[in-house]
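Here is what each chain is made of, one letter per residue.
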Amino acid sequence: MHTVVVGTSGVTASDVLAVARADARVELSPEAVAALAAAREIVDALAAEPDPVYGVSTGFGALATRHIGPELRGRLQRNIVRSHAAGMGPRVEREVVRALMFLRLRTLCTGHTGVRPEVARTMADVLNARITPVVHEYGSLGCSGDLAPLSHCALTLMGEGDAEGPDGSVRPAGELLAEHGIRPVELREKEGLALLNGTDGMLGMLLMALADLDTLYKSADVTAALSLEALLGTDRVLAPELHAIRPHPGQAASAANMLAVLKGSQLTGLPRTAGAARTGGSSIPYEAPRVQDAYSVRCAPQVAGAGRDTVAHARLVAERELASAVDNPVVLPEGRVESNGNFHGAPVGYVLDFLAIAAADLGSIAERRTDRLLDKNRSHGLPPFLADDAGVDSGLMIAQYTQAALVSEMKRLAVPASTDSIPSSAMQEDHVSMGWSAARKLRTAVDNLSRIIAVELYAATRAIELREGAVPAPASQAVVEAVRAAGVQGPGPDRFLAPDLAAADAFVRSGGLVAAVETVTGPLQ
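The residue count restarts for each chain, going from 1 along the sequence in the order it is written. Since the coordinates come from a predicted model, pLDDT governs what is reported: local features require at least 70, and pairs of side-chain atoms require 80 or more to be given and counted, while whole-chain, interface and lining totals use all residues. Think of the side-chain values as coming from all heavy atoms in the structure, minus any hydrogens and water.

## Examining the confidence of the model for the protein
Stage number 1. In the predicted model, the protein carries a mean pLDDT of 92, and the fraction of residues at 70 or more is 96%.
Stage number 2. Here residues 272-282 is a poorly scored stretch, pLDDT under 50, and it has 21 contacts once near neighbours within four places are set aside; other chains count. The quantity known as pLDDT measures the predictor's confidence residue by residue, on a range of 0 to 100. Contacts are residue-level and defined by heavy atoms, with any inter-residue pair within 4.5 Å sufficient.

As structure tokens, then:
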């Protein structure tokens, strides 16, 4: 099993994915243990002084004006965890909770939080035992960190609350810790606060969304190329010199991918030359020359490319966050403990919303191409709804309804969460990011985008097969063969469509579509 070593300088996105999705083991580096111990010495020294220090010898939030004596400080730290573990609603996915915990552990190991090494080791032990705290959907405003979600994780470290064991059953956390030989932590000054005060949940969801969108943007380039081919469009609009004069890198990459997929096709551009449409005994009808393809076909690289550039910006923000130590207060090397506002989730919340907007637009343009494939007045000779016997058969009519419903939902999910703010903690925390909410809706949007692309794939591959006698591009043929092997059936009389659509979605989501193309084209951009 892969092992991720957490040091003082942060971790990589691939480290987070390995722990969250592949249950990679976690170890602390010697440098991290030393940094934890050094920061703890600073906190212990400040705790012994008579002057109050926020989070060490005071209350929290609007209650920070009260000085807490040494005899109550352990209770104070336990109480903040218990009282803040106030989430409600459905359980959050296991991979999100593991990412949340691992990223909090990453911050602890920077040596800026002041927790003891044994607290960090316990968190690593819980991850390695595959114990997953029960975290609920609602409870974070994305400022002062993801407070309720992180509190539920901290509660597990204390041996309280509920958690899911390696077998998937939910049981009292104390029982699970005991079974794995993990001793619950007894929190001391600042430690409860340090376990709660971070943007780790929204960052974890951002990193997983970026990984998924990397596959989906490549997949969308492929399905756009397949639709262009099935609609007898022209690949001349994909020429590199056209994209060089508007030098957005994402646009150029998307156009290059589409051009690579279409290389060698005998379907692209046929209706543009008189008589060419009747050659080879194919089913391609004669048409008057088309001057231009519709925007949903011709502008596919511009739309997908803008989304790719948005992903690139979001990745830059994520990389900066991965290099950050988010806590309040923080322990500085010279021995100071300072209050700050680095826990505010605005940088992450904004890009989560940006990605939801880009994903909605990518889904929208994919649906427009699908609708064009199904409309006999705009599909250039394809049967209505790609049906076997139109009128008796409905073909893919309702598959497009489903796709349209998904697109409509995507548009609602694109409404930004980060433009909202609701005051809390008696107006002490009077502006919040709502970044957790942005992350939650982005997860739904990413899931829906995969389904939308899958419907376009289903329609485009069927349409290509219905162009009898014409030779598609080798990459397109590889996709058709691979998707059929994955259990997605081809043209024919009406049948139960939901299993085909589910198989197409699994094929896209798993990276199978991209892999099939790359057997011919080599790596896509």
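Past the structure itself, the notes keep going.
## Looking at the packing of aromatic side chains
Stage number 1. Put simply, two rings from Phe, Tyr or Trp (the six-membered ring, in Trp's case) pair if the centres are within 6.5 Å, and we call them stacked under 30 degrees between planes, edge-to-face over 60, tilted for the rest. This structure, assessed with the given rule, holds one aromatic pair.
Stage number 2. Considering the side-chain rings of Y350 and F354, the 6.4 Å spacing of their centres and the 35 degrees angle between planes classify their relative orientation as tilted. Linking Y350 with F354, this pair stays in helix α14 (residues 346-374), spanning four residues, or about one helical turn.
Stage number 3. Any residue under 20% of the maximum accessible area for its type is buried, any over 50% is exposed, and the rest in between are partly exposed; the area is computed with a 1.4 Å probe on protein chains only. On the basis of relative accessibility, which here comes to 38%, the residue F354 falls in the partly exposed class. Secondary structure elements follow DSSP: runs of H or I no shorter than four residues count as helices, runs of E no shorter than two count as strands, and numbering proceeds from the N terminus.

## So, helix α17 (residues 474-485)
Stage number 1. A helix's residues, less one, multiplied by 1.5 Å, set its expected span. When the terminal C-alpha atoms of α17 are compared, their 17 Å separation across 12 residues agrees well with the 16 Å that a helix rising 1.5 Å per residue should span.
Stage number 2. Within α17, the full set of buried residues consists of A475, S476, A478, V479, V480 and V483.
Stage number 3. The secondary structure elements touched by the buried residues of α17 are α9 (200-230), α11 (249-262), α16 (435-466), α18 (498-509) and α19 (512-521).
Stage number 4. One or two steps after α17, the chain reaches G487, where phi turns positive at roughly 100 degrees.

## Some details on the pattern of salt bridges
Stage number 1. Whenever a carboxyl oxygen of Asp or Glu lies within 4 Å of a side-chain nitrogen of Lys or Arg, that contact is scored as a salt bridge. For the coordinates displayed, the defined rule picks out 38 salt bridges.
Stage number 2. With its nearest N and O atoms 2.8 Å apart, the salt bridge here joins E95 to R21. Within this pair, whereas E95 is found in helix α4 (residues 94-108), its partner R21 is found in helix α1 (residues 13-22), the two being separated by 74 residues in sequence.
Stage number 3. By relative accessible area, R21 is classed as partly exposed at 36%.

## Considering the packing of helix α13 (residues 300-322) against α14
Stage number 1. Lines fitted to C-alpha atoms define the axes here, with helix axes fitted over just the stretch in contact, and angles between the N-to-C directions of these axes take values from 0 to 180 degrees. For the pair α13 and α14, interaxial distance at closest approach is 9 Å and the crossing angle is 160 degrees. If you check the angle between α13 and α14, you find them roughly antiparallel. The hand of the α13/α14 crossing is left-handed. For the pair α13 and α14, the contacting residues are A300, V303, A304, G307, T310, V311, H313, A314, V317 and E321 in the first and P347, V348, V351, F354, L355, A358, D361, L362, I365 and R369 in the second.
Stage number 2. Any residue outside Ala, Val, Leu, Ile, Met, Phe, Trp, Tyr, Cys, Pro, Asp, Glu, Lys and Arg is labelled polar, Gly included; the first ten of those are nonpolar and the last four are charged. For the contact of α13 with α14, a count of residues per class yields 14 nonpolar, three polar and three charged. Angle categories: roughly parallel below 35 degrees, roughly antiparallel above 145, roughly perpendicular from 65 to 115, and oblique for all the rest. Definitions for this section: a left-handed crossing has its near helix turned counterclockwise from the far helix by less than a right angle. A right-handed crossing has that turn clockwise.

## Some remarks on the packing of α14 against α16
Stage number 1. Relative to each other, α14 and α16 sit at 20 degrees, their axes nearing to 9 Å. Relative to α16, the element α14 is oriented roughly parallel. Where α14 crosses over α16, the handedness of that crossing is left-handed.
Stage number 2. In terms of residue class, the contact of α14 with α16 is built from 17 nonpolar, four polar and four charged.

## Looking at the environment of T370
Stage number 1. Its place among the elements puts T370 in helix α14.
Stage number 2. By relative accessible area, which is 2% here, T370 ends up buried.
Stage number 3. A sequence separation of 295 residues divides T370 from R75, and the C-alpha atoms of the two residues are 60 Å apart.
Stage number 4. Apart from the residues within four sequence positions on either side, T370 is in contact with Q403, V455, E456 and A459.

## Some details on the sheet that holds strand β6 (residues 162-164)
Stage number 1. If you trace the three strands from one edge of the open sheet to the other, you get β4-β6-β7, paired in antiparallel fashion. Looking at strand neighbours, the two that pair on one side only are β4 (132-133) and β7 (170-172), the edges of this open sheet.
Stage number 2. The sheet contact formed by β4 and β6 spans two bridges and is antiparallel. Bridging from a neighbouring strand, T132 pairs with E164 of β6. What makes two strands pair is DSSP finding at least two bridges between them.

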